[in-house]
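# What the coordinates show
Listed here are the chains, written in short residue letters.
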Amino acid sequence: MAEEVLGDLDERFYHRTSNQSTRRAKLDYWMQVFNYLRPFALRNFIPKHLLPNLMLKHNLTLTFRNFGRHKSTFLINLIGLSTSLVCAMMIYLWVNDEVSVDKYHQHADRFYQIMEWKELSAGVFVTGSTPGILAETMADEYAEVEYAAVATPASWYSGVTLFVGDKGVKTSGKYVGKDFFEIFTYPILLGNKEHLLDQKHHIVVSESVAKNLFGDAQSAIGKTIEYQREKEFTVSGVFEDIPRNSSEQFDFVLSSEEFKDVNPNAFKWENSGPMTFLLLKEGVDIEAFKAKIAPMLKGKTTEDHRQLIARRYVDAYLYGGYVNGVQSGGRIDYVQFFSLIGILILIIAAINFTNLSTARASRRVKEIGVKKVVGANRRALVFQYLSESIILTFMAAILALLIVWLLLPQFNQITDKQLILHLDTNILVALLLMILSTGVVAGGYPAFYLSGLNPIKVFKSNLFSGRTNFKELFTRKGLVVFQFTLSITLIVAVAVVYKQLEFVQNRDIGYDREHVIHFPREGRTMENLDVFLQELGKVPGVKAATSMGQSMVGGGNTTDMDWKGKDPNSRVHLAIRPVNFGAVEMLGIKIKEGRSFSQDYSLDSASVIFNQTAIDIMGLEDPIGETVGRGEFQFKIIGIMEDFHFQSLQSEVGPLFFCLAPQYTERVVVKLESNATRETIARLEKFYSDYNPGFVFDYTFMDEEYDRLYAAENRVASLGKYFAGVAILISCLGLFGLAAFTAERRVKEIGIRKILGASYFRIIGLLTRDFTGMVLIAILVALPLSYWITSSWLSDFAYKITLEWWFFAGAGVTALLVASLTVGFQTARAAAANPVDCLKDE
Amino acid sequence: MKETRLGEFEEVILLLVGILAEDAYAFKIAEEFESQTKRAVSIGAVHSALNRLGEKGFLTSEMKEGTAERGGRRKRIYTITASGQRALSEARDFRMALWNQYPAFSTDNLNFNI
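Conventions and cut-offs
- Residues numbered from 1 in each chain as written.
- Chains lettered and ligands numbered in written order.
- Predicted model: local features only at pLDDT ≥ 70, side-chain atom pairs only at ≥ 80, totals over all residues.
- Helix = DSSP H or I, 4+ residues; strand = E, 2+ residues; numbered from the N terminus.
- Rg over C-alpha atoms; globule rule 2.2 N^0.38 Å.
- Buried ≥ 20, exposed ≤ 12 C-beta atoms within 10 Å, placed from the backbone.
- Contact = placed C-beta atoms within 7 Å.
- Nonpolar A, V, L, I, M, F, W, Y, C, P; charged D, E, K, R; others polar.
- Core = buried A, V, L, I, M, F, W, Y, C linked by C-beta atoms within 7 Å.
- Pairing = 2+ DSSP bridges.
- Axes fitted to C-alpha atoms, helices over the stretch in contact; angles between N-to-C directions.
- Parallel < 35°, antiparallel > 145°, perpendicular 65-115°, else oblique.
- Left-handed = near helix turned anticlockwise from the far one by under 90°.
- Expected span 1.5 Å × (residues − 1).
- Bend = angle between axes of the 7 residues up to and from the residue.
- pLDDT = per-residue confidence, 0-100.

Before going further, it helps to examine the overall build of chain A. Counting secondary structure elements, chain A contains 26 helices and 25 strands. Taken over the C-alpha trace, chain A has a radius of gyration of 36 Å; the compact-globule value for 842 residues is 28 Å, which it surpasses by more than 25%. The C-alpha extent of chain A, read off along each of the three principal axes, is 120 × 75 × 60 Å. Put simply, chain A has 842 residues, and 35% of those count as buried. Of the contacts made within chain A by residues no fewer than 6 positions apart, 80% connect residues no fewer than 24 positions apart.

Right under this line is the structure:
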């Protein structure tokens, strides 16, 4: 309350005490106070303490003067904060993009994907592959279903060429049920949404394909498109290009009725093929519906190991992982991991600010004392220091925005995204939150610490003469330890990820994938494959040419295989790879027993080669010559291959067999001479465009394809590398600042020590000891922590490196080295100073 | 424009400020009010009225040195302004005009208890 009011109240109180009891006087006092709760009194109360404009201007001036006076501290803080904000912003952009994937469909809350849950001998296996007939059957049998549609994954028909006359474009497409666009609400630009796929010969294309082939979307309607020079379709509609944040990217869709002709097997209940999507009616109890559909397949087939499960489509992208039939992880792991890293890096930078400001506190302690004596209250001081840190963060944020804008192309390359720095409200709000929270976290401790100092103590005691109190020292050291713990953990983690990836990519996986390319069979190569392969073999630089089912890393599976002595309850998922003659030899797969396919034997079309794992699982004693299969498909085992990794090393080698079926092979595989690969490919391009006019020679290197299996891990590694670098950089900046400060404060002590005969190295040792200790503690904390984190990451891999002691030792030594270099630079300068210079004044 | 009418309570307070002159601060005014009118009043009410009068431009105030009795805190001393004087005399004239119009004017049975 205002001074005069307090005075009046006191005066009345003492007046009363002289002629009344003290209790009555006190009571009266409070009555008077309550009587003062009037608008005028309260109104006076608020603005008096803020003095908004004046204080703000005063604070700003002080802030900038402080920046100017302590340039190194200012720069350290600015660099630290802006670097960390760059990381945080990039992570925010990435996370934002990941989270937005597949979220834009209109009825997301009742949009479900139906998946199969299969109980196999090796455990439960969850897959999006379902019988093609499932969607329409569910629409018929369940009243809860509003729309149902089957859809093939875009990856099945990628690299398809669509022609109009001579003009062709490489595209990928899907076969979908007629209600596909009711469920996936991609905007339809042209055509009647209800009748897009009424006819088998209908095709709906994306806007860019339409423009590419016909010049503009409008004129595409009703025109004919040739599919791979095999079939003709009529354009019945045009949809808007699929947005980038869709997990499925495709350029055209065809009718599922057409797909029934192309692949009738996919529509049998026994088989699993395309995916099934449902749009449920509003108000359907999903749990009851799930329970209802679970046993549906049992009624359709004689098998009982397959169940149906439903999951919301919006969850499919982030929560795609299943471990033994239970949802667990997926991309969300990376989203959480990187969000955590972003926050940690911000914290590291905030710690620098806190540390440097408390360290500098002794310098500003007089300023605070004077201010308090003159009448500043605590709130004003807190406000001043917080505004100082927020202003600094704000400057850092502007710098960071600039850097993000410059680095975004590189970042996009690493993350395989097309992020743009689009300053809409969301981003601005996020940015503002980031600035405010970082500013408050960074400035909070010094603000409350400094404003709480007692002015009398400030002037009387020697707070500013050298020794600081234990609590302050402890906090400061604790923060440095925390910083370095994080940095070291990150270094270890990145090193382990790198080593593991190196191990995976260089491991002898059992087949030779160097200098091998493959490309789709299309156009003229569909017929006369043998002739084509022969011609191909004649191209200079080509060692051999053959064909295979799909690529080695992706392909079909079957459980329909019986053999002698098979346990009737066992269900084994066998990978099938149809191959042509010469494939086994080209890939250098070792035959352990028996022989490979050979043109010398006329009956080889009914022969198979198993890998060792498959034979072990089947438990056949004398496998060569045995007959396996089911129903009309009976095969003779002619050979056994040594195991090779046809999948990611995250899983163990599964059972697999090769069958000789050139008619089912979809990819042409070519082994090139190891020298002059580029020239050979140029020649192949020429050869291909002559042989198969209009088609683009779209090849894939087998080793690159193999590396792509680890795309997510590679991304983590390369991003992690930068983040670890940033973390250690910021930590060192902080240490640098602290070391500089300590050296400066102890300059007289050093001078006196030197005069008394301390050697140069002794002084360096004296100054470095503190910091070395902190980093050592950090190492002690970080090593078990990083061991735990890395070993849990590695446990995802079936084949992995062992964690060597020197990963940890290396990270520790690196941190120690970098820290001592940082500190050493400062201390060496302090130790080398001439004692006269530092002792002459005072 | 701000309201410049003078309420009854305000009029009394304004007069007391004039009477107390150099000693016119909230506590003293409240004391004086109580002793003159025999009505209890809180300092808050007096202060609020003083504040209102200040806003109406009838009073000015300045801080004066305090006494030990009030913990060395300063006092806010109020002074009537010219417009305050005018408002007082207008109020009196208005009252007198009313009295003059009152036909049964008699000082004997006047019961002045508002």
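So much for the structure itself; the text now carries on.
The next point concerns the overall build of chain B. Summing up its helical and strand segments, chain B has four helices and two strands in all. For chain B, the sequential pattern of α-helices and β-strands runs α-α-α-β-β-α. The buried share of chain B, reckoned over its 114 residues, is 29%.

The next thing to look at is the interface of chain B and chain A. On the side of chain A, 17 residues touch chain B, which itself brings 19 residues to the contact. Sorting the residues of the side of chain B that touches chain A by element identifies helix H2 (26-37), helix H3 (43-56) and strand E2 (75-80) of chain B as the ones contributing at least two each. Take the side of chain B that touches chain A: its biggest share by element is six residues, from H3 of chain B. Taken together, the residues that form the side of chain B that touches chain A break down as six nonpolar, seven polar and six charged.

Residue and element names in this part refer to chain A. A positive phi angle is found at Asp 102, which is not glycine, with a value near 60°. Structurally, Asp 102 can be placed in the loop between helix H5 (71-100) and strand E1 (111-120). Within the chain, Gln 228 stands out as a residue other than glycine whose phi angle is a positive 55°. With respect to the helices and strands, the residue Gln 228 is situated in the loop between strand E8 (224-227) and strand E9 (231-239).

Attention now goes to the nonpolar core. All names here are of chain A. Membership of the largest hydrophobic core comes to 83 residues, with the highest contact counts inside it found for Ile 345, Ile 491 and Ala 727. Secondary-structure elements contributing two or more residues to this core are H5, helix H12 (331-374), helix H13 (378-415), helix H14 (425-451), helix H16 (470-506), helix H22 (711-745), helix H24 (760-794) and helix H25 (805-832). Among the elements that make up this core, the one with the highest residue count is H22 (18 residues). Once residues within four sequence positions are removed from consideration, Ala 727 is found in contact with Ile 345, Ile 348, Leu 486, Ser 487 and Leu 490. Among the nonpolar cores identified, the runner-up in size contains 52 residues, and Phe 184, Ile 225, Phe 252 and Leu 308 belong to it.

Residues and elements named next belong to chain B. Relative to the elements of secondary structure, Ile 13 occurs in helix H1 (residues 8-20). When the C-alpha atoms of Ile 13 and Ile 43 are compared, they prove to be 12 Å apart, with 30 residues separating the residues in sequence. If we ignore the near neighbours within four places in the chain, the residues touching Ile 13 are Ile 29, Val 46, Ala 49, Leu 50 and Leu 53.

Attention now goes to the pairing of strand E11 (residues 275-280) of chain A. Residue and element names in this part refer to chain A. Counting buried positions over the six residues of E11 gives six, a clear majority of the element. Neither face of E11 is left uncovered, since the one carrying Met 275, Phe 277 and Leu 279 and the one carrying Thr 276, Leu 278 and Leu 280 both have all their residues buried. Where E1 meets E11, four bridges bridge the pair, whose relative direction is antiparallel. Residue pairing in the sheet places Tyr 112 in a bridge with Leu 278 of E11. With six bridges connecting them, strand E3 (residues 145-151) and E11 associate as antiparallel partners. Bridging from a neighbouring strand, Ala 148 pairs with Leu 278 of E11.

Quick look at the packing of H5 of chain A against H13 of chain A now. Residues and elements named next belong to chain A. Between H5 and H13, the shortest axis-to-axis distance is 7 Å and the interhelical angle comes to 45°. Between H5 and H13, the crossing angle belongs to the class labelled oblique. As H5 packs across H13, the resulting crossing turns out to be right-handed. Listed contacts from H13 to Asn 77, Leu 78, Leu 81, Ser 82, Leu 85, Val 86, Met 89, Met 90 and Trp 94 of H5 are Leu 392, Thr 393, Met 395, Ala 396, Ala 397, Leu 399, Ala 400, Ile 403, Val 404, Phe 411 and Thr 415. Across the contact of H5 with H13, the residue classes tally to 16 nonpolar, four polar and no charged.

Residue and element names in this part refer to chain A. Direction of pairing for strand E4 (residues 157-164) relative to strand E5 (residues 167-176): antiparallel, over a ladder of seven bridges. Across the sheet, Val 164 pairs through a bridge with Lys 167, a residue of E5. In textbook terms, the turn of a hairpin is the stretch between consecutive antiparallel strands, and for E4 and E5 this stretch comprises two residues, one of which, Gly 165, has a positive phi near 65°. Bridging between E4 and E8 involves two bridges; their strand directions are antiparallel. Across the sheet, the residue bridging to Phe 163 is Glu 226, located in E8.

All names here are of chain A. Compared with an ideal rise of 1.5 Å per residue, which puts 35 residues at 51 Å, H24 spans 47 Å between its outermost C-alpha atoms and is within 8% of the ideal. The sharpest bend along H24 comes to roughly 40°, located at Thr 768. Buried within H24 are the following residues: Ile 763, Leu 767, Phe 771, Met 774, Val 775, Ala 778, Ile 779, Ala 782, Leu 783, Ser 786 and Thr 790.

Okay, the packing of H5 of chain A against H22 of chain A next. All names here are of chain A. One way to put it is that H5 packs onto H22 with a least axis distance of 10 Å and a crossing angle of 165°. Accordingly, the angle class assigned to the pair H5 and H22 is roughly antiparallel. You can see that H5 and H22 cross each other, and the crossing is left-handed. Of H22, the residues touching H5 (which contributes Ser 72, Thr 73, Ile 76, Ile 79, Gly 80, Thr 83, Ser 84 and Cys 87) are Phe 723, Val 726, Leu 729, Ile 730, Leu 733, Gly 734, Phe 736, Gly 737 and Ala 740. A class-by-class count of the residues in the contact of H5 with H22 yields ten nonpolar, seven polar and no charged.

Residues and elements named next belong to chain A. Within the element layout of this structure, Thr 802 appears in the loop between H24 and H25. According to the C-beta neighbour criterion, Thr 802 is exposed, with 8 such atoms within 10 Å. The spatial distance from the C-alpha of Thr 802 to the C-alpha of Gln 218 is 61 Å, given a sequence separation of 584 residues.

Moving on: the confidence of the model for chain B. Confidence along chain B averages 82 in pLDDT terms, with 87% of residues attaining 70 or more. As scored by the predictor, the complex reaches a pTM of 0.71 and an ipTM of 0.76.

Residues and elements named next belong to chain A. With respect to the secondary-structure elements, Thr 546 resides in strand E16 (residues 542-548). Residues Thr 546 and Met 586 lie 40 residues apart in sequence; the distance between their C-alpha atoms is 8.2 Å. Setting aside anything within four residues of it in sequence, one finds Thr 546 in contact with Leu 533, Asn 580, Phe 581, Gly 582, Ala 583, Met 586 and Val 669.

Turning our eyes to something else, we now look at the confidence of the model for chain A. Residues and elements named next belong to chain A. Per-chain confidence: chain A averages 82 in pLDDT, with 95% of residues scoring 70 or above. Here helix H3 (residues 39-50) stands out as the least confident element of chain A, with mean pLDDT 54; E11 is the most confident, with 92. Below a pLDDT of 50 lies the segment residues 45-49, which in the model reaches three contacts outside its immediate sequence neighbourhood of four places, other chains included.

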